[in-house]
Structures are given as structure tokens and as C-alpha cells.
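Residue strings, one per chain:
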Amino acid sequence: NINEEINIVESAIDRGVKAIVLAPSDTKALQPAVKDAKDAGIPVIIIDSKLDGDPSQYVSFLATDNKAAGEACAKALIDALKAKGITEGKVQVMSYVAGVGSEIGRVGGFNDYIKANSKFTLLETQYSNADMPTALNQTTNVLQANPDLVGIFGANEPTAIGMGKAIQQAGLSGKIVAIGFDGNSVLAGMVKDGTLNAIAVQSSYNMGYLGVKTAYEAAFEDKTVEPYVDTGFLMVTKDNIDSQDAKNVLY
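Residues numbered from 1 in each chain as written. Predicted model: local features only at pLDDT ≥ 70, side-chain atom pairs only at ≥ 80, totals over all residues. Heavy atoms only, no water.

A. How the structure looks around the packing of aromatic side chains. Here the structure, examined in full by the defined rule, presents four aromatic pairs. Here Tyr205 and Tyr209 contribute two aromatic rings whose centre-to-centre distance is 5.9 Å and whose plane-to-plane angle is 5°, an arrangement assigned as stacked. Of this pair, Tyr205 and Tyr209 both sit in helix H8 (residues 204–220), separated by four residues, roughly a single helical turn. You can call Tyr205 exposed: its relative accessible area is 61%. In this structure Tyr209 comes out as partly exposed when scored by relative accessible area, which is 45%. Residue placement shows Arg106 over the ring face of Phe181; its charged tip is 3.8 Å from the ring centre. (Phe/Tyr/Trp six-rings, centres within 6.5 Å; stacked < 30°, edge-to-face > 60°. Helix = DSSP H or I, 4+ residues; strand = E, 2+ residues; numbered from the N terminus. Buried < 20%, exposed > 50% of the residue type's maximum accessible area, 1.4 Å probe, protein only. Lys NZ or Arg CZ within 6 Å of the ring centre and 35° of its normal.)

Written out as C-alpha cells, the structure is:
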């Protein structure tokens, strides 16, 4: 609930905390609260999704380069389809919340790369509101309505899980090229069993760890911190899922 999130930030300001690390669920609604923190002399570090508005209201932004990650997902999908000898057909994007900072870059990067580098046709994006059962139902409907679908992309963890479950229930594992995003044990299992061709996995640990580290440096060491830090991602496939690099980001 965005009002609860705003209240939590305002309460932290009232308590006189030394710094705030914030992963905003709304790119606009939290702007006033972040400005209040700055006015109170409290450094704010934004992680995961960029806040709209004046970037001088917060001292640093740490996140995956979502545009680059979206492009990598599109390339993985195109490459997997080409390996099957498929160069044309319908592709579906299963997204989460329209307009969230991470979604704009991630899905925008995916769509732009598909349009610029292939002849695939993008169907109308579906939004699950980051709810797994909703994504499962939406994907089931998409698969039924488009038996000629060749590729599909699930743009965040609950959406990709719901998408993967729908693919499994439809008996299409390995028959349709599917790319997911994020890397919990369920999604990793779907890569291993062939339901998903690949998953783009963010370094969530880096976001949290570096977010707190940056907050400490800004609040207690009076350091000038980097205004933007790319916390990275890894494309995980069957070929590298047992590597140390994959183990470092899967959770």
C-alpha cells in the first residue's frame, strides 16, 4: 500500500533517523516524502526502481541497468528461436506494473530490441500487478488464444513464475521459448527442467548491501557517494546454472 509506504518514510523522518534506504513502489507518490527527508538533512538512497522528479532529492541510486537487462532477455529469446529455425511469429510480454521505473526500462529495452533486431510481432503487453496467480491466468489465456505463439517473456519474479506454471500446465515446456526475470529456487528449477530457456537474475544482495553501505558513508563518513551504481545482472541458463557466478545471484 503506497500510503503505508509514505507513512513509514514520514515516520522515519519524525524519528530523526540518520539515513533512509528506499525501494519505491511508486515512482511519483513518494517524491514529497523524499523531499521532506532532504529538507530534514537526512540522506536518501534509492534502490531498485528510480524515483521520478529531481534527482538531487536523493544522494544515490543503486539498481540493475534494467534497459540492458531487458535487451539481454530479448537477445536470449531471439537466439533461442533462431536455434529452432524460427525467425518470425508472435511474442508475448507478461509484465508486472505499468509505469514502475524498473518496468519502463526492462520491458522498454526488451520491446525496442525485438523491434530493431527481428521480424517477430509483439502482442499487447499483459500486466499481472506482480501477482503470480494473475500471471498464471493471463498466460493460460494468452496460450489458448494464440496457439501459434513462439516466444514469451515474464518480466519479474511472480509474473515469470505464473507464466512458467501456465506453460507447464499447457504441456508446452520446451516447445515455446520462454525467458524469465529474477532467480529464486522456483525459477531456477524451471530453467533446469526446460520450462524456461533463461532467466535474467539481478544481484539483489548487491542492491541491499551497497544501499546500506552507501547510506552509512553518506550519513556517518560524510563521503560524496556515487550518484548511480549499476548493481548488475546475470543471464542464467542450463549451461551455467551450476557455476559459482550463478550460485552467487540465485536465491
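B. Highlighting the packing of helix H6 (residues 157–169) against helix H7 (residues 185–192). At a minimum axis distance of 10 Å, the contact between H6 and H7 shows a crossing angle of 40°. With respect to H7, the axis of H6 lies oblique. Note that H6 runs across H7; the crossing there is left-handed. Between H6 and H7, the residues in contact are Glu157, Ala160, Ile161, Gly164, Lys165 and Gln168 and Val186, Leu187 and Met190, respectively. A breakdown of the residues in the contact of H6 with H7 according to their chemical character gives five nonpolar, two polar and two charged. (Axes fitted to C-alpha atoms, helices over the stretch in contact; angles between N-to-C directions. Parallel < 35°, antiparallel > 145°, perpendicular 65-115°, else oblique. Left-handed = near helix turned anticlockwise from the far one by under 90°. Contact = heavy atoms within 4.5 Å. Nonpolar A, V, L, I, M, F, W, Y, C, P; charged D, E, K, R; others polar.)

C. A look at the pairing of strand E3 (residues 60–63). The alternating pattern of E3 places Ser60 and Leu62 on one face and Phe61 and Ala63 on the opposite face, and all of these are buried. Taken together, the three bridges between strand E2 (residues 44–47) and E3 define a ladder with parallel strand orientation. The partner of Ile45 across the bridge, within E3, is Ser60. Pairing analysis gives three bridges linking E3 to strand E10 (residues 228–230), with the strands arranged parallel. Within the sheet, the bridge partner assigned to Phe61 lies in E10 and is Tyr228. (Pairing = 2+ DSSP bridges.)

D. Expanded view of unusual backbone geometry. Of note in this structure, Asp48 is not a glycine but carries a positive phi near 75°. Tracing the backbone through its elements, the reader meets Asp48 in the loop between E2 and E3. Phi at Asp222 is positive, roughly 55°, even though this residue is not glycine. Following the sequence through the fold, Asp222 ends up in the loop between H8 and E10. Owing to a relative accessible area of 69%, Asp222 belongs among the exposed residues under this scheme.

E. Up close: the pattern of salt bridges. With the rule as written, the count across this model stands at seven salt bridges. Put simply, Lys28 and Asp52 hold a salt bridge, and the shortest N to O gap is 3.2 Å. Note that Lys28 is positioned in the loop between strand E1 (20–22) and helix H2 (31–39) and Asp52 in the loop between E2 and E3, a separation of 24 residues in sequence. Glu217 is the partner of Lys213 in a salt bridge, and the nearest nitrogen-oxygen pair spans 2.7 Å. With Lys213 and Glu217 both in helix H8, this residue pair falls four residues apart, about one helical turn. Exposure remark for Glu217: the relative accessible area of 14% places this residue in the buried category. (Salt bridge = Lys/Arg side-chain N within 4 Å of Asp/Glu carboxyl O.)

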